[in-house]
Structures are given as structure tokens and as C-alpha cells.
Amino acid sequence: MSTEITNILLVGVGGQGILLASEILSETCMLAGYDVKKSEIHGMSQRGGSVVSHVRYGTKVFSPIVPEGEGDILFGFELMETCRSLSLLKPGGSVIANDLRIPPPSVLMGQESYPEGLANSINNRFSDFLLVDGQKLATEAGNPRAANTVLLGAVSKRLAIAEEFWLAALQKMVPAKALEINFKAFMLGRGLE
Amino acid sequence: MKEILSGNEAIARGAYEAGCIVACAYPGTPSTEILENTLDYKEINSSWAPNEKVALEVGIGASFGGGRALVAMKHVGVNVAADPLFTLSYTGVNGGLVLVSADDPEMHSSQNEQDNRNYAKFAKIPMLEPSDSQECKEFTRLAFELSEQFDTPVMLRTTTRISHSKSIVELGERVADLPTPKLVKNAAKQVMLPGNARVRHPLVEKRCSALAEQGASMAINCLELRETTIGIITSGVCYQYVREVLPTASTLKLGMVYPLPHALIREFAASVDRLFVVEELDPFIEEQVKAMGIAVVGKEIISLCGELTPERLSAAFSGIGIATVETQTLKQGNAGMPSLPQRPPNMCPGCPHRGVFHTLNQLKAYVSGDIGCYTLGFMPPLSAMDTCVCMGASIGMATGVTKVVSVEEQKKVVAVIGDSTFLHTGVNGLMDLVYNQSPATVIILDNRITAMTGRQDNPASGFTLMNDPTHCVDLPLLCTALGVKHVRTINPFDLEQTRTVIQEEMNRPEPSVIITDKPCILVKREGVFQKGPLLAVNDENCTGCRACLKIGCPAIEWCPGEGKKGKAYINPQLCTGCDVCRQLCKFDAIGRAK
């Protein structure tokens, strides 16, 4: 659809902090002067189900949901959920995924196993695929819980929005006492190649 | 100043700016956050009501007293509030009254996808439908003004994609100089006995005509001419999809979807070659346009079921040979990917409902279910819920089923209902169960909170929405007062007690109520939820029998590679020490973590 719109999908498991990350992202877009819309389904998000959040920005955004096959960036908080949403991406889209596996109920109960080789499958289809050990880098920054911010940093590298807007959004949305660690985590992610 | 707000946040902001002083609701997805946000404005008295009917009645009272009031609910909540709503249409208002109906096409979190635009027509009440957050705010303000100008309640209809989407909103100031509320007696308008109501009804009809006429000049009904080969009448989020997929088509964007601005529709129809209506669910606009004698295409190409998306809309128009801005054709699909296990929602680790449903499964009960987190008790491996229809239905339905089955089967019938749902509309069901002496057993899962919608307080939680301490309904005493002779309280983490008591009460051929007394693990208020000692699996004792997996706890993980048959593992980051799994292990393989 409109080439002037950038479409980002944030996917993972309820409780992983996807909504906060998508809010920081949206805030950044607004601060940078863009029109922005974001959409996701709440309700089941606290019960460990799959969560997909859509963020779109550009000069003028109409639909709050990303049309299937139009995603520019897939920002995955969990590996299997990243794979589940690949079809939302356009050909040549980017995948930034946290190297994290959270077993769903059927795997916990031993009825199915967590699929192997997911990273390879993504790699075979998307040349711009970055698998990030978010937790490790966040620990480096000072707190393993800042993994989402590391990934956000990696996503930021692929968007034409100046660094100052990202930092301003973090400053606005992250509690003051966690800010320094989150700045560090963000820059670590932003520095990834 | 600009902020990114969800539709719900923007409605709360709109109410604030409109000078609203009372907001009342019962939580329900996707409407819940409206009241959680009016809470931020200290000028608004915000409260949870036990159900939507009471919420609307609180709003009516505030309006009659001269204050501006906002009432919010999910679409099915309007069914509960329908009784006052229809007569409110006759009385009209004093202070402006706005009822928000948050509909849920696609049933993301609902039991049906009824189209509440029909209520506006049915009750003869104007309905506004915003298409983004900015409009949520503006239309809420306008709704209060129209309410007072036309002496009518006004409905504001959103859908999930409006309620839960965020977009940029320009904030405004709160209106000042509204009249001070005071008691005004006006029986002719507010006492709806037949003599008075007969006078009011023609006024309602006149009001509808006047609104339809004024609708033609309202700025929220917006005629946008582009290319005139195709014209589309639409509203709400569908307008956004139309602009995305058919950017050159002319549009008539209706901000007021009832009553329709007939003159404007005629003008638009005359300006375009082919006329379409794009709307989710029912052919609500389409049928009215057809009744005006205007040829229009709608549900011939757009489904009556589910929500619309840009790709569904694109497919609908491409299907009749109309070019759309197509999504890129090379769909990635999931070709070449391994099949992925589903990830359905699950009860939390330490959820007090788990042991009860495990027990009901073991006892092969016929479980008349209700609406809340515990509806997940339907899913494997607990698989212990046989019905779920609407809020509070479990008890009445249990009474009904015991009227038709054999005495032996009557013993199997158990109604299961949460504390909030019981106080919503379950109490009357229990009154009937006692009054008509059904032998069914009722289990009230009292977890001290309205959990499913995100931990809202209720009359049995001891606190108000504004976080003030208040009276806490004494559930055992309430049941006793209704005439239940056997009211027993159990600890749902004690499986033996749970099983014994449920079994005894199922066998008892008279009304009985069992109340579980452990809180939801998500209750944040200090001292309510307390973790037990952390549990761990002793690898030497674990035989791989999988008994502990039968409760579907997210903290217990099967490790197929361990031991001869595989072993269980307890994730220390998730375990709350509820102790239920330990009681299921026959080999003493689960104990306190060292």
C-alpha cells in the first residue's frame, strides 16, 4: 500500500512488556513529527496468549492495523511468536528477534515439542534478520529486565528517526530510576550490526 | 498539547473536557479503560457499579439532578442496561447523558458480536461513531451538547479497533459555567406512567426527525468528493480502511449513524455513479438507504460476520472488478516453516480456580459455567465447563437443567461463578434456585477482584474504583440471607477438602453454596495475595507419571529427555507455592525448594 507509511509489528507472549515497547515506539514517532497509529488486542494479554501490536507512522496514517504482507519490520520478543507472524511482513522486510523460547501450554505438558531450527528458517527467508540475546546485553547494561529496550535499540537502527527522539521518548515513558540502564541498553541494541 | 491516546483514553478526556462530573460503568472488554481513565480527572466522580443496569441508572440519576454523566459498557452490557435505556429515551435528560457502547466485532473477548447500532434505532436514541482517538474525544464532547440540546441520551459507539487503537489527540480545555446540579421535580417528564409516557412518545419521534434533519448540516457527517465513479457511505474504523484501500473513491463519512441524514445521503447518491455501504456486521446503514429507494451495494460483497480489515475490504472490491490498492501480492505465508504449537491463554500459576476445576473434572460434574477468567476451565487439561452463555447465567441455567434430568443426574449439576459475576447478575439466580428449591450446587469462586478485565474492584473487594475503602459484601451471609441452608467456605488449594466438600454438596438434594476463599495472584493490594513456600521436583523420586501436568500449571514443565520416561520441572520464577501440584504427586517427588 502507501509507500510513505512505515509498518512495524511487535509480537510475543502476554506479559512480556510488548505494549510498553510499542508505546515508546509510537511516542518516538510522534515526537519526530509523524502521524502515528498503534493497535493491539487487550483482554487476553495477561493470560500468556500470543500478542501482536501494530505501529504505523508516516505523514498521514489511516488504518490502525498493518495490512497483511505490508510489514516493514517484525520486532519479535519470542522466537516462536516471531515465526507465527512472518506472513505479516512484506518481502524484503526486516526481522529483529529476541533469542528467547517460552514454551506454550502444549509443550509444557509434553504433548508437543518446541520446534527446532526456527532461527534458520527465518534466516533462509529474510536476509535482514538479527537474532539478539536481549537478556545478555541487558545484563551488560545493568538489568536483565531491560531486554526489550536492547531490542528497541536494534529496531531503531532500521528507522529513519533521529536518536534524540528515541531518547526523549524513553525519558518520558521509563521510570526515572531505571532510565540510565535503559539508555545504556538502548545504545547497546542500536550498536548491533 | 498533543498526546497519543487510545480511543478509551480519549473518551475519558472528552468527558473531562465536556464538564462531565459523574462516570459509572461495569468493566468489560473493550470498554474497561474508559473509567480507569476518567479516574485521572478529580473533577469526575468515577465508580464501578455491580452491573451495567445499575451503572446506567446512576447515570440517569446524575443527569436528572442536572449533572453531565458518562456511562460505559461493552456491547453485551447494553443488554443488561436495556430496560432503563428504552424508557430513558422517553424521559430525556436534564444534564447531558452519554452512554458508550464498546462493540467487539470478531469477538476478540466476547461471547457474541451483536451490532449495537441496532439499539440506537430500537430505542430511538442518536448514536455517534468516531473513527479515531481525536474523534473519540471530540464526539464525546459533542454528544454531551447534543444530549442537552435535543433532550435525549446519546449513545457513542466504538468497536475494539477504535477503543484499543492509539492515535494522536490535540487536547482542549474543560468547559466552565455549567449550571449547578440541584433537585428539580418534574413528574410529567420523569415519572413514566402511561399517562405521562403517552405524552412523551410523540416527542421522541419528533426528536428523531429533527436530528435527521440537522444531521445534514452537522460537520461530523462529512461528504468528501473525489473521483465520482464510486461513492462509499461508511463510518467508524471502516472509514480508515476505505481511505487506505480505495483512496480515490468519494466518501460520505457518517459521524452520526442514527438517525441518518437523509438529505445528505440523497445528495451523495446523486453525485456518484455507483453507491456502496462499507460497514461491519449488520446492514444497518444499507437497509435504511435501501428503504429510501436508493440502489446501493453492501452486504453482497462484505461479510455479515467478523471485523473488517484492509485486506478483507480489498478482496471484497477486487472481487467485483474494482481496482484497489492491493497488498503486495507475494504473500510470505508460512511456507517452509515447521508447524507451530498454538499459544492459547491460560490460568496463571497459583490461580485459585485450578484445583476446583481439576476436582470438578475428576467428579465428572456437569458444570454450568459463567463469564470470567475461570471460563478458561473449559480448556484442556482441566476440561471442566459445559456451558457459558452470559454474565450470571450459570445459576439460573443450573436450576433449569435440574428441572428436566433424572434425580441421579441432578447430582452432577454444579454452577460455577466468580465473585464479581455473582454480584453482577448471579444473586437473582441464586434467589430463584432457593425459592424453587433446585438441588444444584453453586460454587462461588471468590478471588476478591474482577480479574478477567484486568483487576477491577467490586462490591466484594472492599474498595471503590477511586481506591477508597468501603463495605465489603459478606458473601456467606448474603447466601444465607437468600435462604441457602448449606453455605460452606473452602480453601481451593487444599485438594482433599475441596473434593470432599464438593462431593458432599453435589450429593445433597437441596440448594447449597460453596465459596472458595483465596485471592487472585494479580491482586496488587498489599497483604491480599501471599505466596507460599516455593516448590521443586525431587528428580530421584519423580517417576515421570505426569500426574502433576493434569492441572495445566504454566510453572510446571515436562522435560522429555530426563530419566527413563521424562521428568517434571518446576520453574522457580513462576511458582507461587500454591501447593496444588504437590498434593497430586503420589511419589512424594514435589516438595519445598531447597
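The numbering scheme is per chain: residues are counted from 1 as the chain's sequence reads. Following the order in which they are written, the chains are lettered starting with A and the ligands numbered starting with 1. In keeping with the predicted nature of the model, local features appear solely for residues at pLDDT of at least 70, side-chain atom pairs appear and are counted solely at 80 or more, and the whole-chain, interface and lining totals rest on all residues. To get the side-chain values, all heavy atoms of the structure are used, and hydrogens and water are removed first.

1. Quick notes on the pairing of strand 8 (residues 165-170) of chain B
Regular strands place side chains that alternate from one sheet face to the opposite one.
Right, so step 1: In terms of residue burial, strand 8 of chain B counts as a mostly covered element, since five of its six residues are buried.
Right, so step 2: Two strands pair when backbone bridges link them, and strand 2 (residues 35-40) of chain A and strand 8 of chain B are joined in this way by three bridges, in the antiparallel orientation. Bridging from a neighbouring strand, A:Lys38 pairs with B:Lys166 of strand 8 of chain B.
Right, so step 3: Across five bridges, strand 1 (residues 2-6) of chain B lies against strand 8 of chain B in antiparallel orientation. What sits directly across from B:Glu3, in strand 8 of chain B, is B:Val169. Burial status follows relative accessibility: with a 1.4 Å probe on protein chains alone, a residue under 20% of its type maximum counts as buried, one over 50% as exposed, and anything between as partly exposed. A run of H or I in DSSP counts as a helix once it spans at least four residues, and a run of E counts as a strand once it spans at least two, with each numbered from the N terminus. At least two DSSP bridges between two strands are required for those strands to pair.

2. Regarding helix 4 (residues 75-91) of chain B
Residue and element names in this part refer to chain B.
Right, so step 1: Multiplying 1.5 Å by the helix residue count minus one yields the expected span of that helix. A rise of 1.5 Å per residue sets the reference length of helix 4, with its 17 residues, at 24 Å; its end C-alpha atoms lie 23 Å apart and thus fit the reference within 8%.
Right, so step 2: Bend angle per residue: angle between axes fitted to the 7 residues ending at that residue and the 7 residues starting there. In the structure, helix 4 departs most strongly from a straight axis at Ala81, where the bend amounts to approximately 70° and where the proline Pro84 lies between one and four residues downstream.
Right, so step 3: Directly after helix 4, the chain includes Gly92, whose backbone phi takes a positive value near 70°.

3. Details of the interface of chain A and chain B
Right, so step 1: On the side of chain B, 61 residues touch chain A, which itself brings 58 residues to the contact.
Right, so step 2: Note: buried area is the sum, over both parts, of the accessible area (probe 1.4 Å) each one loses when the two are combined. Interface area, chain A with chain B, both sides summed: about 5200 Å², of which 59% is carbon and sulfur.
Right, so step 3: Salt bridges are defined by distance alone: a side-chain nitrogen of Lys or Arg within 4 Å of a carboxyl oxygen of Asp or Glu. Applying the counting criterion to the chain A and chain B interface returns four salt bridges.
Right, so step 4: Between N or O atoms, a polar contact is any pair within 3.5 Å; within protein, one atom must be a potential hydrogen donor and the other a potential acceptor, and residues adjacent in sequence are included only when both atoms are from side chains. Summed over the shared surface of chain A and chain B, the number is 13 residue pairs in polar contact (both at pLDDT 80 or more).
Right, so step 5: Broken down by secondary-structure element, the contributors of at least two residues to the side of chain A that touches chain B are helix 1 (18-31), strand 2, strand 3 (50-58), helix 2 (79-84), strand 5 (89-98), helix 3 (105-108) and helix 4 (118-125) of chain A.
Right, so step 6: Take the side of chain A that touches chain B: its biggest share by element is six residues, from strand 2 of chain A. Whether two residues are in contact is decided by their heavy atoms, any of which lying within 4.5 Å being enough.

4. What to know about the confidence of the model for chain B
Right, so step 1: The pLDDT averaged across chain B works out to 96; a share of 98% of its residues lies at or above 70.
Right, so step 2: Scored by ipTM, the complex comes to 0.96, with pTM at 0.97. pLDDT: the predictor's confidence for each residue, scored from 0 to 100.

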